[in-house]
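# Descriptive analysis of the structure
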Amino acid sequence: MTLLARITGRRSLDATACALAAIALIWMAYQFWRLLFERGSNRAVDLLLRHGECHEWFEGVPIYVTRVDAVYPPATYLMIWPLLGWLEWPAVRVFWCLVTVLLVVWMCRLVLTYGDATEPRRRRLLWLMPLASYPVGATVGNGQVSILVVACLIAGLMRLACERPCWRRDLTIAVLMLVALIKPSVSAYFFWILMFAPGGLRAACLVGGGYVALTAAASLAQDGGPIELVQAWLERAQSGLAWGASKGGGAIANGSAGLRITGINLSSMLSVAGWPALITPASFAVLLLLGAWVFWCRRGRLLSVLGVTAIVARFSAYHGWYDDVLMLIPLVALITWAREGESARGRAMAGWLSIAFGLSLLAPGGIYLLPRGLANAYAIGQSVCWLTGLAFLVRTARSPTCERRVVASE
């Protein structure tokens with residue numbers, strides 16, 4: 001029976017790898033085609049928006065007044081200038097495509113490194129998993145920065161557990177975290193980990209000082225000062241958050257055609273309940289509660305704390321479906337726990353949850369593929385799966401840490 005189980009297991013892993021490879025090939029080919037060649041409404045819309053905003057920012061145009069989609073802070077435009085600001089649109093698509101290929105490979109290597117699989121078949125699955133996930137492909141096709149942000153978060157913060165404190169480590173972490181702050185709606189939640197994790201305070205100070213310096217430098221291209229520009233950004237960002245929660249790709253809309261769910265999060269729930277004014281204070285309150293929890297678990301399993309933070313970041317504010325790249329972090333945490341957990345019951349639970357997480361992330365996703373009723377059920381089931389994973393990681397985060405990776409393979 002043992003031999004039969006091994007053969008069956010191997011065949012199952014091989015079949016799963018073939019399925020993931022087929023999904024990844026079709027999905028990623030389509031998304032790279034969107035990024036490079038699509039000219040209609042389905043083109044690389046986010047890349048086009050950031051390209052226009054970046055150019056106008058350094059031309060002195062007050063984009064927080066002229067552009068309703070300018071929801072990024074001043075420092076972001078300085079950080080994305082080396083990627084978008086010096087090229088015209090056709091060249092930007094090609095250059096960003098090359099950058100994206102490198103980012104996808106980096107993300108796959110990070111998942112492989114911290115997924116802790118040693119058997120070749122399982123390592124193959126870990127390689128294919130991000131490629132077959134809908135958020136990675138959506139990020140590619142939209143020209144979003146979510147892959148860059150999440151990869152920098154993983155690579156930077158896991159160094160807190162993998163390397164001893166020194167200036168070289170802290171500077172590396174600070175640079176990676178500053179890059180991740182290109183999209184603070186995703187990455188700001190993780191700053192608590194840097195602040196409270198043992199040995200992270202110096203890097204946190206470097207990040208804080210660096211971000212202030214970037215904001216000040218970016219403001220030189222505009223007429224207003226840093227404080228005025230940040231205030232203008234906050235107003236625009238709050239308007240964008242409220243719009244996205246009611247009409248965007250991560251909303252709960254109850255219109256004449258019936259209920260349509262494209263994203264379940266705190267913002268969309270408050271919006272559909274008729275309390276849009278509470279979106280900003282409620283999100284801020286969740287951010288503070290997360291900080292208190294991270295402080296309480298500061299000496300626990302770092303990968304589990306990262307997983308909890310990722311799920312909280314996903315649910316506490318409006319996000320498009322491309323930002324579900326965040327869910328790769330708790331998925332890796334669950335996979336690792338399934339191999340290293342303290343009890344057989346915990347390992348089994350983590351294993352089943354990791355399978356559920358993986359299935360919930362498979363391309364092309366159900367929200368835009370299925371009829372409305374089934375798409376709503378898919379969104380609800382997906383959220384239940386992720387919140388169950390949140391409960392498991394919260395429960396296990398204070399277990400003794402066992403991160404022992406080396407970062408040379410990244």
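Details of the structure are given in the entry above.
As the structure is a prediction and not an experimental result, all values here were calculated from the model. (Residues numbered from 1 in each chain as written. Predicted model: local features only at pLDDT ≥ 70, side-chain atom pairs only at ≥ 80, totals over all residues. Heavy atoms only, no water.)

### Observations concerning the packing of helix α10 (residues 167–180) against helix α13 (residues 201–219)
Packing of α10 against α13 brings their axes to within 9 Å, and their N-to-C directions diverge by 45°. Overall, the two elements α10 and α13 adopt an arrangement that is oblique. Crossing angle aside, the handedness with which α10 passes α13 is right-handed. Touching W167, D170, L171, I173, A174, M177 and L178 of α10 are R202, A203, L206, V207, G210, Y211 and L214, all from α13. Split by residue class, the contact of α10 with α13 holds eleven nonpolar, one polar and two charged. (Axes fitted to C-alpha atoms, helices over the stretch in contact; angles between N-to-C directions. Helix = DSSP H or I, 4+ residues; strand = E, 2+ residues; numbered from the N terminus. Parallel < 35°, antiparallel > 145°, perpendicular 65-115°, else oblique. Left-handed = near helix turned anticlockwise from the far one by under 90°. Contact = heavy atoms within 4.5 Å. Nonpolar A, V, L, I, M, F, W, Y, C, P; charged D, E, K, R; others polar.)

### Re the environment of R298
Looking at the element boundaries, R298 is found in the loop between α16 (279–296) and α17 (302–316). On the basis of relative accessible area, R298 is assigned to the partly exposed category, the value being 32%. The spatial distance from the C-alpha of R298 to the C-alpha of A197 is 5.0 Å, given a sequence separation of 101 residues. At 2.6 Å, the side chain of R298 and the backbone oxygen of F295 are in polar contact. (Buried < 20%, exposed > 50% of the residue type's maximum accessible area, 1.4 Å probe, protein only. Polar contact = N/O pair within 3.5 Å; in protein donor to acceptor, adjacent residues only side chain to side chain.)

### Description of the pattern of salt bridges
Tallied over the entire structure, the rule returns eleven salt bridges. Between E53 and R50 there is a salt bridge, with its nearest N and O atoms 2.9 Å apart. Residue E53 and its partner R50 are both found in helix α2 (residues 45–58); the two are separated by three residues, about one turn of the helix. An identical accessibility class is assigned to E53 and R50; each is buried. Here E56 makes a salt bridge to R67, at a shortest N to O gap of 3.1 Å. Pair noted here: E56 is in helix α2 and R67 is in the loop between α3 (63–66) and α4 (74–85), with a separation of eleven residues, a long-range link. (Salt bridge = Lys/Arg side-chain N within 4 Å of Asp/Glu carboxyl O.)

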